[in-house]
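Spelled out, the chains give:
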Amino acid sequence: VRLSRMRYAEARPAPSMTNKQLISYLHSDLFIPDLKADSKIEAISEMVSHLVEKGRVKDRRIVLEALKTREKLGSTGIGKGVALPHSRSTVTDSLTLLMARSMAGVDFEALDEKPVHLFFMILAPHQEKSSEYLPLLGKLVEVTKDANLRKKLLKVPDMAGVIEALEKAKAK
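The sections below set out a description of the structure shown in this document. Fair warning: this is a prediction, and the values are worked out from it, not measured in the lab.

1. Some points on the packing of helix α2 (residues 40-53) against helix α3 (residues 60-73)
And step 1. Two elements in contact, α2 and α3, have axes separated by 10 Å at closest approach and are oriented at 145°. Viewed along their axes, α2 and α3 form a crossing whose handedness is right-handed. Seen from α2, the contacting residues are Lys40, Ile41, Ile44, Ser45, Val48, Ser49 and Val52; seen from α3, they are Arg60, Val63, Leu64, Leu67, Lys68 and Glu71.
And step 2. Of the residues in the contact of α2 with α3, the class split is seven nonpolar, two polar and four charged.

Quick look at the structure:
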């Protein structure tokens, strides 16, 4: 019996997201202006604790373990001072985006081996009806490529400033 070569379907890119849609996930209570952490695990832990304090996740330990497991696959520090820690979890009810900054920088084992200053943590439920998890992740990668936007995000005082900077950035 001769087996034919298995053919894989081409991967389809995730549907794109606009800046306006990205902004809809930003909430003033999910902004940490200056992380105190100085290591990757401390930074993730501090962000997860913030999500628990704000009632966005039900179990700190489960989320923390999911994010640590994801980081073992490869750092979500994508370079240029940006990290996008993300995971699906059974202990969150909706797609959640937290933004945090570290003025001092965190050794996040980023791809370019430079400290991370801007963090965008994404948590999604396992069964997400809107299918926005990957488009949100993709949009964050896209917008954080802009050096001018990254500089502005390091200077804004609050989430309103983050939103204003994104609104002024080139809209797709």
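2. Section: unusual backbone geometry
Residues apart from glycine generally show negative phi values, whereas peptide bonds are mostly found in trans.
And step 1. Its identity is not glycine, yet Glu109 carries a phi of approximately 55°, on the positive side.
And step 2. Along the polypeptide, Glu109 turns up in the loop between β5 (96-106) and β6 (116-125).
And step 3. Even without being glycine, Glu113 reaches a positive phi, approximately 60°.

3. Observations regarding the pattern of salt bridges
And step 1. Counted by the stated rule, this structure contains seven salt bridges.
And step 2. A salt bridge links Lys40 to Glu71; its shortest N-O distance comes to 2.9 Å. Of this pair, Lys40 sits in helix α2 while Glu71 sits in helix α3; the two residues are 31 residues apart in sequence, bridging distant segments of the chain. Here Lys40 and Glu71 have matching classes, each one buried.
And step 3. One network of salt bridges, in which partners are shared, links Lys40, Glu71 and Glu109.

4. What to know about the packing of aromatic side chains
And step 1. As enumerated under the stated definition, the model contains one aromatic pair in all.
And step 2. On the numbers, 5.5 Å between centres and 70° between planes, the contact of Phe108 with Phe119 is edge-to-face. Highlighted residues: Phe108 in the loop between β5 and β6 and Phe119 in strand β6, separated in sequence by 11 residues.
And step 3. Relative accessible area serves as the criterion here: at 0%, Phe108 is assigned to the buried category.
And step 4. A relative accessible area of 0% places Phe119 in the buried class.

5. Examining the packing of helix α5 (residues 147-155) against helix α6 (residues 159-168)
And step 1. Where α5 meets α6, the axes come as close as 9 Å, and the angle between the chain directions of the two elements is 165°. In terms of axis orientation, α5 runs roughly antiparallel to α6. Crossing hand, α5 versus α6: right-handed. For the pair α5 and α6, the contacting residues are Leu149, Lys152 and Leu153 in the first and Val162, Ala165 and Leu166 in the second.
And step 2. Here the residues of the contact of α5 with α6 sort into five nonpolar, no polar and one charged.

6. As for the environment of Asp93
And step 1. Counting through the fold element by element, Asp93 comes out in the loop between β4 (86-89) and β5.
And step 2. Asp93 sits 32 residues away from Pro125 along the chain, and the two C-alpha atoms are 5.7 Å apart.
And step 3. A polar atom in the side chain of Asp93 sits 2.9 Å from the side chain of Lys58.

7. Some thoughts on empty space enclosed by the protein
And step 1. On inspection of all chains with the given rule, the structure shows one cavity of 30 Å³ or more.
And step 2. In this structure, the largest cavity encloses a volume near 40 Å³.
And step 3. Where the lining of the largest cavity is concerned, the elements lending two or more residues are α4 (133-143), α5 and α6.
And step 4. In terms of residue class, the lining of the largest cavity is built from nine nonpolar, no polar and no charged.

The rules behind each value
Residues numbered from 1 in each chain as written. Predicted model: local features only at pLDDT ≥ 70, side-chain atom pairs only at ≥ 80, totals over all residues. Heavy atoms only, no water. Axes fitted to C-alpha atoms, helices over the stretch in contact; angles between N-to-C directions. Helix = DSSP H or I, 4+ residues; strand = E, 2+ residues; numbered from the N terminus. Left-handed = near helix turned anticlockwise from the far one by under 90°. Contact = heavy atoms within 4.5 Å. Nonpolar A, V, L, I, M, F, W, Y, C, P; charged D, E, K, R; others polar. Salt bridge = Lys/Arg side-chain N within 4 Å of Asp/Glu carboxyl O. Buried < 20%, exposed > 50% of the residue type's maximum accessible area, 1.4 Å probe, protein only. Phe/Tyr/Trp six-rings, centres within 6.5 Å; stacked < 30°, edge-to-face > 60°. Parallel < 35°, antiparallel > 145°, perpendicular 65-115°, else oblique. Polar contact = N/O pair within 3.5 Å; in protein donor to acceptor, adjacent residues only side chain to side chain. 1 Å grid on protein atoms, 1.4 Å probe; cavity = no way out; pocket = protein on both sides within 12 Å on 5 of 7 lines; lining within 4 Å. Points joined across faces, edges and corners; volume = space filled by probe spheres on them.

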